[in-house]
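# Secondary and tertiary structure notes
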Amino acid sequence: DVQMTQYPSTLSASVGDRVTINCRASESVSTWLAWYQQKPGKAPKLLIFDASTLQTGVPSRFSGSGSRTEFTLTISSLQPDDLATYYCQEYDTHSHIFGQGTKVEIK
Amino acid sequence: EVILVESGGGLVQPGESLRLSCRVSGFPFENFWMSWVRQVPGKGPEWVANINQDGSEVYYANSVRGRFTITRDNAKTSVFLQINRLKSEDTATYFCAREDCSGGSCPTGWFDPWGQGSPVNVSS
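Here is a short report on the structure shown in this document. (Residues numbered from 1 in each chain as written. Chains lettered and ligands numbered in written order. Predicted model: local features only at pLDDT ≥ 70, side-chain atom pairs only at ≥ 80, totals over all residues. Heavy atoms only, no water.)

### Quick look at the nonpolar core
Our working definition: For the purposes of this section, nonpolar cores are sets of buried Ala, Val, Leu, Ile, Met, Phe, Trp, Tyr and Cys residues that join through side-chain atoms within 4.5 Å. Think of it in three bands: with a 1.4 Å probe and only protein chains considered, a residue is buried below 20% of the maximum accessible area for its type, exposed above 50%, and partly exposed in between. Secondary structure elements follow DSSP: runs of H or I no shorter than four residues count as helices, runs of E no shorter than two count as strands, and numbering proceeds from the N terminus. The contact criterion used throughout is that any non-hydrogen atoms of two residues lie within 4.5 Å.
Within the largest apolar cluster, 42 residues are counted, with the highest numbers of intra-cluster contacts made by Trp36(B), Val79(B), Leu81(B) and Tyr94(B). Ranked by residue count, the leading element in this core is strand S9 (residues 92-99) of chain B, at five residues. Non-local contacts of Val79(B), meaning those with residues more than four positions away in its chain, are made with Leu20(B), Ser21(B), Cys22(B), Phe29(B), Met34(B), Trp36(B), Ile51(B), Ile70(B), Thr71(B), Arg72(B) and Cys96(B). If you look at the next biggest cluster of nonpolar residues, it comprises 25 residues, including Leu73(A), Ile75(A), Cys88(A) and Val104(A).

Below you can see the structure in the form of structure tokens.
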């Protein structure tokens, strides 16, 4: 199976900061990649699909980029509500592999 | 409003069986693939199974093939996950999720929305 590696595992940033989360695939997944936000005790919520398409209703401060093996989720101006763990997920294979997550903390 | 509600989880002993249910409302259930995804606390989610619109195609993760069975009842707008010979490593919260469609093409491969989850604890 393809492996999805996210880094960093945890990051701490201040409100208003630009935050970048990375996801690396062990083999090319083209742009078949999604990003999710999960708040404590809740289900994951889709933010981005096809590597860079913002899901309807998701704030425009979230954006995605990348292709093949390197992907990035960017929060342009971190807000208190963005406290969460973020996961990437490939859907190039039928295994739908998720990354291990990046926890975003607010300083 | 799109709503997915899982039920059927709980504390079970190793070797026992369990049937999880997910009742759906708010969208044309019969038009969408559905998946089950599980998550161990502190870990990333793990996709375990999905099923096509009429139940004629099913797929499983290698880690569960042979013990898990996914089915659906479109009349009841529900999807089910039968888990046999439960192991301690099956302990997780189990979510049902819709696999979205895009431009008439299904499934897309991403999951939206998700239910609230049903915890399963396998322990003696």
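Let's pick the thread back up.
### Comments concerning the interface of chain A and chain B
Let me state the cut-off plainly: When two parts are brought into contact, each loses some accessible area as probed by a 1.4 Å sphere; the total of that loss over both is the buried area. Salt-bridge detection follows one rule: a side-chain nitrogen of Lys or Arg within 4 Å of a carboxyl oxygen of Asp or Glu. In protein, a polar contact requires one atom able to donate a hydrogen and another able to accept it; more generally it is a pair of N or O atoms within 3.5 Å, and residues adjacent in sequence count only if both atoms are side-chain atoms.
Across the contact, 20 residues belong to chain A and 20 residues belong to chain B. Of the roughly 1,500 Å² buried where chain A meets chain B, counting both sides, 61% is carbon and sulfur surface. Counting the surface chain A buries against chain B, the share from its top three residues, His94(A), His96(A) and Phe98(A), is 33%. Applying the counting criterion to the chain A and chain B interface returns zero salt bridges. Where chain A meets chain B, there are seven residue pairs in polar contact (both at pLDDT 80 or more). Of all elements in the fold, only strand S4 (33-38), strand S5 (45-49) and strand S9 (84-90) of chain A reach the threshold of two or more residues within the side of chain A that touches chain B. Counting residues per element, the side of chain A that touches chain B draws most heavily on S4(A), at three residues.

### Let's talk about the side chain of Glu99(B)
Heads up, the rule is: Working convention for charge: Lys and Arg count positive, Asp and Glu count negative, and His plus the chain ends are omitted.
Assignment of secondary structure puts Glu99(B) in strand S9. Comment: no salt bridge for buried Glu99(B); closest opposite-charge side chain is Arg72(B), at 9.0 Å. A distance of 2.7 Å separates a polar atom in the side chain of Glu99(B) from a polar atom in the side chain of Asn50(B). The contacts of Glu99(B), once residues within four sequence positions are left out, are His96(A), Phe32(B), Trp33(B), Ser35(B), Trp47(B), Asn50(B), Pro107(B), Gly109(B), Trp110(B) and Phe111(B).

### So, the packing of aromatic side chains
The line we're drawing: Working definition: a ring pair exists when centres of Phe, Tyr or Trp rings (six-membered ring for Trp) sit within 6.5 Å. Plane angles under 30 degrees give stacked, over 60 give edge-to-face, the rest tilted. For a lysine, the NZ atom is tested; for an arginine, the CZ atom; a charge sits over a ring if that atom is within 6 Å of the ring centre and within 35 degrees of the ring normal.
Applying the stated criterion across every chain, the model contains 13 aromatic pairs over all chains. On the basis of an interplanar angle of 50 degrees and a centroid distance of 6.0 Å, the ring pair of Trp32(A) and Tyr91(A) is categorised as tilted. Placement of Trp32(A) in the loop between strand S3 (19-25) and S4 and of Tyr91(A) in the loop between S9 and strand S10 (102-106) is noted, with a sequence separation of 59 residues between them. Since its relative accessible area comes to 8%, Tyr91(A) is described here as buried. The interplanar angle of 40 degrees and the centroid separation of 5.8 Å between the aromatic rings of Tyr36(A) and Phe98(A) together place this pair among those described as tilted. With Tyr36(A) in strand S4 and Phe98(A) in the loop between S9 and S10, this residue pair connects regions lying 62 residues apart in the sequence. Here Tyr36(A) falls in the buried class, since its relative accessible area comes to 0%. Here the aromatic residues Tyr36(A), Phe98(A), Phe95(B), Phe111(B) and Trp114(B) are joined through ring pairs into a cluster of three or more. Taking NZ or CZ as reference, Arg98(B) lies 4.7 Å from the ring centre of Phe27(B), over its face. In this arrangement the basic side chain of Arg98(B) is found over the ring face of Phe32(B), its NZ or CZ atom lying 4.6 Å from the centre.

### A short note on the sheet that holds strand S7 (residues 68-73) of chain B
Residue and element names in this part refer to chain B. As a reminder, the rule being used: Strands qualify as paired when DSSP identifies two bridges or more between them. All axes here are fitted lines through C-alpha atoms, helices being fitted over the stretch that makes contact, and every angle between N-to-C directions spans 0 to 180 degrees.
Here we have four strands laid out as an open sheet, ordered S1-S3-S8-S7, and antiparallel in their pairing. Edge positions in the sheet fall to strand S1 (3-7) and S7, since each of these pairs with one other strand and no more. Strand-to-strand twist of the sheet, defined as the mean angle between neighbouring strand axes without regard to direction, takes the value 15 degrees. In this sheet, strand S8 (residues 78-83) lies alongside strand S3 (residues 18-25) in antiparallel orientation, the contact comprising six bridges. Opposite Cys22, over in S8, you have Val79 as the bridge partner.

### Some points on the pairing of S9(A)
Residue and element names in this part refer to chain A. In terms of burial, S9 is a largely internal element, seven of the seven residues being buried. Burial of the side chains of S9 extends over both faces: Ala84, Tyr86, Cys88 and Glu90 are buried on one face and Thr85, Tyr87 and Gln89 on the other. Of the pairings in the sheet, the one linking S4 to S9 comprises six bridges and is antiparallel in character. If you follow Gln38 over to S9, its bridge partner there is Thr85. Pairing of S9 with S10, which is carried by three bridges, proceeds in the antiparallel orientation. Bridge pairing in S10 places Ala84 opposite Val104.

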